[in-house]
Every structure is written in structure tokens, then in C-alpha cells.
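This is what each chain is made of:
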Amino acid sequence: MIRRLRKRPVWLAASVLLASLVILLFYSQPGLPTLEVSRENPVAKVPNFSKYRDVEQKKQAFFDFLYPIIEEENIHLLEIRRVLQDLANKNSWAEAELDWIDELTTLYIGEDNNESTEQRLTKLLRRVDMIPPSLVLAQAAIESAWGTSRFAREGNNLFGQWCFSKGCGLVPHQRADGKHHEVARFDTVNDSVSAYLKNLNAFRAYQSLREARLQARIKDAPLRGSALVKGLGQYSEQGDAYLAKVQRVIAQNSLGKMDERFLSTQLAKN
């Protein structure tokens with residue numbers, strides 16, 4: 001049966017058009033980047049790093065695979081940060097800008113926040129920032145056993161991140177009685193990196209890391225992963241031994257050069 005389309009009243013068509021224009025204007029406000037990276041080719045699965053018999057080859061393959069994803073996520077954070085800096089220099093804000101600030105506040109600070117726009121911007125500038133690639137690479141190597149762990153292979157989880165709702169991830173084989181956490185499962189490797197960066201930028205446990213990063217910003221000093229390791233004190237139950245392990249992976253694999261690589265790329269763009 002052919003279904004006939006009814007003609008809509010002129011006023012209704014005009015209302016729909018107006019609503020569409022409002023939505024278009026809101027989401028295409030110049031200078032307001034999306035809160036998530038617009039990825040053209042997200043990586044759906046961690047490669048098989050177990051195939052490498054040579055340890056150094058495996059390490060290099062791991063770094064070569066992961067660095068571009070880290071770079072993309074960090075660049076996006078810096079884009080958001082640049083807009084935040086511009087907004088912090090203003091005395092008034094458009095409605096779309098205020099809504100955008102509200103969304104970022106919910107993501108990085110929390111929903112129940114009644115502070116002024118100025119206060120929110122100050123806090124967001126402490127939280128929305130890059131994490132040096134050397135630190136990301138070192139933790140990914142440790143937490144995922146160079147991409148070969150069960151959680152990396154089956155859940156794209158490179159950083160041992162937990163979740164707490166049933167079915168949200170993979171149940172650890174040796175989970176203690178009475179524990180209910182799972183190791184989060186991610187659709188893509190990009191999502192895993194993004195979630196890790198957000199954890200370090202948002203969770204109270206890593207406030208000291210963000211403070212060290214802020215001090216480097218104030219001094220206009222380049223961000224180095226080795227300088228932020230102390231802020232990971234609550235990342236692992238291993239405590240200081242874990243911090244020493246992260247520093248060792250950074251040093252033994254000369255990962256500081258990855259920080260230099262990222263910095264030089266940003267300088268070239270500017």
C-alpha cells in the first residue's frame with residue numbers, strides 16, 4: 001500500500017527549520033571543539049605482540065603502534081585547553097560557550113557544581129591538559145605486559161582500568177572474594193587511551209600529578225613524563241615500587257625522546 005505524505009502547515013515547517021538552525025549553530029560554534037576526538041580510523045583491536053621473539057623488536061612495535069593514538073588524544077586535549085584559555089580571558093560568555101563549559105565541568109569535576117564560571121574555568125585549566133607520551137607508554141607497557149595481557153587482547157584495556165557494574169568488562173581470574181570490580185572492556189584502543197587520560201585528569205587520586213604539571217606550565221617548562229611519575233602514588237597497590245618501575249621503563253627505553261617528539265610536532269604546528 002502506498003502511504004501518502006501529508007502536507008505540513010507552514011508554521012510547523014518554519015518551526016522545524018528554526019530548530020534545525022539553532023542546533024546547527026550550537027554544534028558548529030567556531031572555536032568550540034567536540035568533547036570527544038572525531039576519529040576517522042579508530043583501532044579496533046590490539047595487535048598480536050606475542051608473535052615477536054626478539055624483545056627489542058616487540059618493544060619498538062608496541063611504541064610505534066601506540067604513539068600515534070596517544071598523540072591524537074593529546075592534541076585534542078590541547079585544543080580544548082586552548083579554548084578554555086581564551087574563555088578564561090573573557091568577561092561574558094555566549095549561551096553555547098556556557099553549555100560547553102557545563103559539559104566539561106560534568107566530565108572533569110562533577111555534576112554537583114555551583115561555582116561561578118570563572119571558578120570552573122580555573123579548575124578546568126588545571127585538569128584538561130596533555131599527559132606526556134613517555135608516561136602513557138610506560139604505564140601501558142607495564143599494565144598490559146607490552147600488549148600481551150588477557151585484558152589487552154580481549155578488552156583493548158592497556159591500563160588495567162576497572163569498572164564496577166556487572167558485565168561492564170572482564171572478570172579477573174584471581175579476583176578476591178567479596179570483590180565486584182571488573183577490568184573494563186573498550187570498543188577500540190583509542191577509547192582505552194582516552195579513558196586513561198581522563199582518569200589522570202579528573203580523579204582526585206592524581207591531584208599531585210596535575211599540580212606538578214601546573215607548576216611546569218607556570219614556569220613555561222616542557223612537560224616530561226619522568227617529572228610526573230610521583231603523582232601516580234595511588235595508581236597501584238605496589239606504591240613506591242610501582243613508581244620506580246615506571247621510571248625504570250621510561251629510562252631504559254629512552255622514552256623521554258617521545259616527549260621531545262610530541263613537543264617538536266606542536267612547535268612546528270604553531
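Criteria and thresholds
- Residues numbered from 1 in each chain as written.
- Predicted model: local features only at pLDDT ≥ 70, side-chain atom pairs only at ≥ 80, totals over all residues.
- Heavy atoms only, no water.
- Pairing = 2+ DSSP bridges.
- Helix = DSSP H or I, 4+ residues; strand = E, 2+ residues; numbered from the N terminus.
- Expected span 1.5 Å × (residues − 1).
- Core = buried A, V, L, I, M, F, W, Y, C linked by side-chain atoms within 4.5 Å.
- Buried < 20%, exposed > 50% of the residue type's maximum accessible area, 1.4 Å probe, protein only.
- Contact = heavy atoms within 4.5 Å.
- Disulfide = S-S within 2.5 Å.
- Polar contact = N/O pair within 3.5 Å; in protein donor to acceptor, adjacent residues only side chain to side chain.
- Salt bridge = Lys/Arg side-chain N within 4 Å of Asp/Glu carboxyl O.
- Arc of directions from axis to C-beta.
- Axes fitted to C-alpha atoms, helices over the stretch in contact; angles between N-to-C directions.
- Parallel < 35°, antiparallel > 145°, perpendicular 65-115°, else oblique.
- Left-handed = near helix turned anticlockwise from the far one by under 90°.
- Nonpolar A, V, L, I, M, F, W, Y, C, P; charged D, E, K, R; others polar.

Quick notes on the sheet that holds strand E1 (residues 162-163)
So, point 1. Taken together, 3 strands build an open sheet; the order of strands is E1-E3-E2 and the sheet is antiparallel. Each having just a single partner strand, E1 and strand E2 (169-170) make up the two edges of the open sheet.
So, point 2. As judged from the 2 bridges shared by E1 and strand E3 (residues 182-184), these two strands associate in the antiparallel manner. Among the inter-strand pairings, Trp-162 is bridged to a residue of E3, identified as Val-183.

Structural notes on helix H3 (residues 95-108)
So, point 1. With 14 residues, H3 extends 20 Å between its outermost C-alpha atoms, agreeing within 8% with the 20 Å of an ideal straight helix rising 1.5 Å per residue.
So, point 2. Just past H3, the residue Gly-110 takes up positive phi, approximately 140 degrees.

Here we look at the nonpolar core
So, point 1. Counting residues in hydrophobic clusters, the biggest one holds 62 residues, and the most contacted among them are Leu-66, Leu-84, Trp-100, Leu-135 and Tyr-196.
So, point 2. The leading source of residues in this core is helix H2 (residues 55-88), at 15 residues.
So, point 3. Ignoring anything within four residues of it in the chain, the contact list for Leu-66 reads Leu-137, Ala-140, Leu-158, Val-189 and Val-193.

What to know about unusual backbone geometry
So, point 1. With phi around 55 degrees, Asn-156 is a residue other than glycine that occupies positive phi space.
So, point 2. Judged by its relative accessible area of 5%, Asn-156 is buried.
So, point 3. Backbone geometry places Ser-254, a non-glycine residue, at a positive phi of 50 degrees.
So, point 4. Mapped onto the elements, Ser-254 comes out in the loop between helix H10 (240-252) and helix H11 (256-269).

Let's talk about the state of the cysteines
Throughout this description, disulfide means a covalent bond between two cysteine sulfur atoms.
So, point 1. Under the criterion given, the structure shown has 1 disulfide.
So, point 2. Paired through a disulfide, Cys-163 and Cys-168 show a sulfur-sulfur distance of 2.0 Å. Between Cys-163 and Cys-168, the S-S torsion sits near 90 degrees, and that sign places the bridge as right-handed.

Section: the side chain of Arg-120
So, point 1. In this structure, Arg-120 sits in helix H4 (residues 117-127).
So, point 2. For Arg-120, a relative accessible area of 13% translates into the label buried.
So, point 3. Separated by 2.4 Å, the side chains of Arg-120 and Asp-102 make a polar contact.
So, point 4. Once residues within four sequence positions are removed from consideration, Arg-120 is found in contact with Ile-101, Asp-102, Thr-105, Ile-109, Asn-113 and Glu-115.

As for the pattern of salt bridges
So, point 1. By the definition in use, this model includes 11 salt bridges.
So, point 2. Between Asp-129 and Arg-81 there is a salt bridge; the shortest N-O distance is 3.7 Å. Note that Asp-129 is positioned in the loop between H4 and helix H5 (133-144) and Arg-81 in helix H2, a separation of 48 residues in sequence.
So, point 3. The class for Arg-81 is buried, based on a relative accessible area of 9%.
So, point 4. Note that Arg-213 is salt-bridged to Asp-129, the shortest N-O span being 3.9 Å. Separated by 84 residues along the polypeptide, Arg-213 in helix H8 (residues 207-218) and Asp-129 in the loop between H4 and H5 bring together distant segments of the chain. One exposure class covers both Arg-213 and Asp-129, and it is buried.
So, point 5. Put simply, Arg-81, Asp-129, Arg-213 and Arg-217 are held in one network by salt bridges that share partners.

Re H4
So, point 1. Every buried residue of H4 is accounted for by Thr-117, Arg-120, Leu-121, Leu-124, Leu-125 and Arg-127. The buried residues of H4 all sit within an arc of 160 degrees when viewed along its axis, so they share a single face.
So, point 2. Here the buried face of H4 lies against H2, H3, helix H7 (189-202) and H8.

So, the environment of Asn-157
So, point 1. Within the secondary structure, Asn-157 sits in the loop between helix H6 (150-155) and E1.
So, point 2. Between the C-alpha atoms of Asn-157 and Leu-170, which are 13 residues apart in sequence, the distance is 9.8 Å.
So, point 3. Those residues in contact with Asn-157, other than ones at most four positions away along the chain, are Phe-151, Ala-152, Val-183, Ala-184, Phe-186 and Ser-192.
So, point 4. A polar atom in the side chain of Asn-157 sits 3.0 Å from the backbone oxygen of Gln-161.

Digging into the packing of H2 against H5
So, point 1. Closest axis-to-axis distance for the H2/H5 pair is 10 Å, and the angle between their directions is 130 degrees. With respect to H5, the element H2 is oriented oblique. Crossing angle aside, the handedness with which H2 passes H5 is right-handed. Counted together, Phe-62, Phe-63, Leu-66, Tyr-67, Ile-70 and Asn-74 of H2 and Pro-133, Val-136, Leu-137, Ala-140, Ala-141 and Ser-144 of H5 form the full contact between these two elements.
So, point 2. Residues of the contact of H2 with H5, tallied by class, amount to 10 nonpolar, 2 polar and no charged.

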